Amino acid sequence: MGKLEQQLKMTNRLNVLRAEQRLTQEQLAKAIGVTRATIVAIEGGGYNPSLELAFRLARFFKKDISTIFFIEEEDTNEKI
Amino acid sequence: MKKFDAVVMKVLLYELPVLVLFILSYKALPLEHLAQSNVYAGIWYQIGGCYVFGSWILGALYVSVKLLLSGNFRQIVLTRMTSMRERDEREVVLTGQASKNTMLTTLAILIFLFCLSCLQFSYARVPAEIAVPGNTREVSWGLGFSLTGEDAEAKGTENTPLERVIEYNGLPLSTSVILLGLIGWNIFSYKYYMKKYE
């Protein structure tokens, strides 16, 4: 489990989608029902949202969840 | 929160500065003597000492019991006191992490304090008249545990002819100070970890 955690890194396109819709972090936070700090943390990669929140964001942007959140594969060849 | 509880909390909060002022004036001046000769000092002594102090103590007793018995009251008062916020899922996660770390550090402190409170150590010079030749000093150490505080108080009063240089019989702090320190530590630690994880 430890190895899998090291190899997977969640990333997202939330700031891109937000910019496309010309929304501030505060506006998005209000629309989703979270605090602005949570949006900041998600965009900065400091917090991975729950599935429920991820689906809420996907529904808000009318996108598939995997187009917003995806795994950034790290090069693990040297480690293995 | 019930209306009565809200009133009691307000009484505790607003009376606190008056109480502090009363205690300071009581310690700084000979208020008890002044109250007999000076009318204003007498009024201040009556209001501060009787009404404010009395109502504050009663209120504090009521709140401490209510905090133990009522989960709803406990949640309202203590979450406000510690500025605990759970507005969304991230804050719930952070609260959990901060609480976990606070609980573990508090447990570590309690174990450390328990060890310190049990430890007994003394270093003494043995008077020449009772000393065995070549052995003029005595070092003793051990562990002590008592169910009530009475044994601990009696520990230091042993009537021995030894001239004690260093003597340690458990924590040299009162129970009130330790408990107040732990309350303060809990709040500080929680806030520190919340800031750290944010």
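Residues numbered from 1 in each chain as written. Chains lettered and ligands numbered in written order. Predicted model: local features only at pLDDT ≥ 70, side-chain atom pairs only at ≥ 80, totals over all residues.

Caption draft 1: The arrangement of the overall build of chain B in detail. Helices and strands together make up the secondary structure of chain B, namely 7 helices and 3 strands. When the helices and strands of chain B are placed in sequence order, the string is α-α-α-α-α-β-β-α-β-α. A globule of 198 residues ought to have a C-alpha radius of gyration of about 16 Å, yet chain B, at 25 Å, is considerably larger. Along the first, second and third principal axes, the C-alpha atoms of chain B reach 75 × 60 × 30 Å. A sequence separation of at least 24 residues applies to 70% of the contacts in chain B between residues at least 6 apart. (Helix = DSSP H or I, 4+ residues; strand = E, 2+ residues; numbered from the N terminus. Rg over C-alpha atoms; globule rule 2.2 N^0.38 Å. Contact = placed C-beta atoms within 7 Å.)

Caption draft 2: Fine view of the overall build of chain A. What chain A contains, in helices and strands, is 6 helices and 2 strands. The order of α-helices and β-strands along chain A, N terminus first, is α-β-α-α-α-α-α-β. The burial tally for chain A puts 11% of its 80 residues in the buried class. If you take every contact in chain A between residues at least 6 apart in sequence, the share linking residues at least 24 apart comes to 56%. (Buried ≥ 20, exposed ≤ 12 C-beta atoms within 10 Å, placed from the backbone.)

Caption draft 3: Structural view of the interface of chain B and chain A. Contacts between the two partners involve 6 residues from chain B and, on the opposite side, 8 residues from chain A. The residue makeup of the side of chain B that touches chain A, split by class, is no nonpolar, no polar and 6 charged. (Nonpolar A, V, L, I, M, F, W, Y, C, P; charged D, E, K, R; others polar.)

Caption draft 4: Examining the sheet that holds strand β1 (residues 119-125) of chain B more closely. Residue and element names in this part refer to chain B. With antiparallel pairing, the 3 strands of this open sheet are ordered in space as β2-β1-β3. Sheet topology places β2 (137-143) and β3 (163-169) at the edges, where each strand pairs with a single neighbour. The mean angle between the axes of side-by-side strands here comes to 5°, regardless of whether they run parallel or antiparallel. The sheet contact formed by β1 and β2 spans 7 bridges and is antiparallel. Within β2, the position partnered with R125 by the bridge is R137. (Pairing = 2+ DSSP bridges. Axes fitted to C-alpha atoms, helices over the stretch in contact; angles between N-to-C directions.)

Caption draft 5: Inspection of the packing of helix α3 (residues 25-32) of chain A against helix α4 (residues 36-43) of chain A at higher detail. All names here are of chain A. As a packed pair, α3 and α4 sit with axes 8 Å apart at the nearest point and diverge in direction by 110°. The orientation of α3 relative to α4 falls into the category roughly perpendicular. Residue-level contacts link Q25, E26, L28 and A29 of α3 to R36, T38, I39 and V40 of α4. Among the residues forming the contact of α3 with α4, the class breakdown is 4 nonpolar, 2 polar and 2 charged. (Parallel < 35°, antiparallel > 145°, perpendicular 65-115°, else oblique.)

Caption draft 6: Molecular detail of the domain arrangement of chain B. Along its sequence, chain B is carved into domain 1 (1-81) and domain 2 (118-170). One C-alpha centre belongs to domain 1 of chain B, the other to domain 2 of chain B, and the line joining them spans 43 Å. (Domains from an automatic or database assignment.)

Caption draft 7: The arrangement of the environment of T67(A) in detail. If you trace the backbone, T67(A) turns up in helix α6 (residues 65-68). T67(A) sits 11 residues away from R56(A) along the chain, and the two C-alpha atoms are 14 Å apart.

Caption draft 8: Seen up close, the nonpolar core. One finds L28(A), V34(A), I39(A), I42(A) and Y47(A) forming the largest nonpolar core, which totals 5 residues. When residues no more than four places from it in sequence are discounted, the contact partners of L28(A) are R18(A), L23(A) and I39(A). (Core = buried A, V, L, I, M, F, W, Y, C linked by C-beta atoms within 7 Å.)

Caption draft 9: Structural detail: helix α4 (residues 71-81) of chain B. Counting buried residues in α4(B) gives 0 out of 11 residues, a small share hidden from the surface. Remark: S83(B) follows α4(B) within two positions and exhibits a positive phi of approximately 55°.

Caption draft 10: The packing of helix α5 (residues 89-118) of chain B against helix α7 (residues 175-197) of chain B, seen in detail. Residue and element names in this part refer to chain B. α7 packs onto α5 with a crossing angle of 145° between their chain directions and a minimal axis gap of 8 Å. Judged by the twist between their axes, the crossing of α5 over α7 is right-handed. Contact with α5, carried on its side by L94, Q97, A98, S99, N101, T102, T105, T106, I109 and L113, involves I178, L182, W185, N186, S189, Y190, Y193, M194 and Y197 of α7 and no other residues of that element. Residues of the contact of α5 with α7, tallied by class, amount to 11 nonpolar, 8 polar and no charged. (Left-handed = near helix turned anticlockwise from the far one by under 90°.)

Caption draft 11: Focus on unusual backbone geometry. Notably, R22(A) is not glycine yet its phi reads approximately 50°, a positive angle. As for its position among the elements, R22(A) is in the loop between α2 (14-20) and α3. Although it is not a glycine, S83(B) adopts a positive phi angle of roughly 55°. Looking at where S83(B) falls in the secondary structure, it is placed in the loop between α4 and α5. On the basis of neighbour count, S83(B) is assigned to the exposed category, with 10 C-beta atoms found within 10 Å.

Caption draft 12: Quick look at the pairing of β1(B). Pairing between β1(B) and β3(B): 6 bridges, direction antiparallel. What sits directly across from A124(B), in β3(B), is R164(B).

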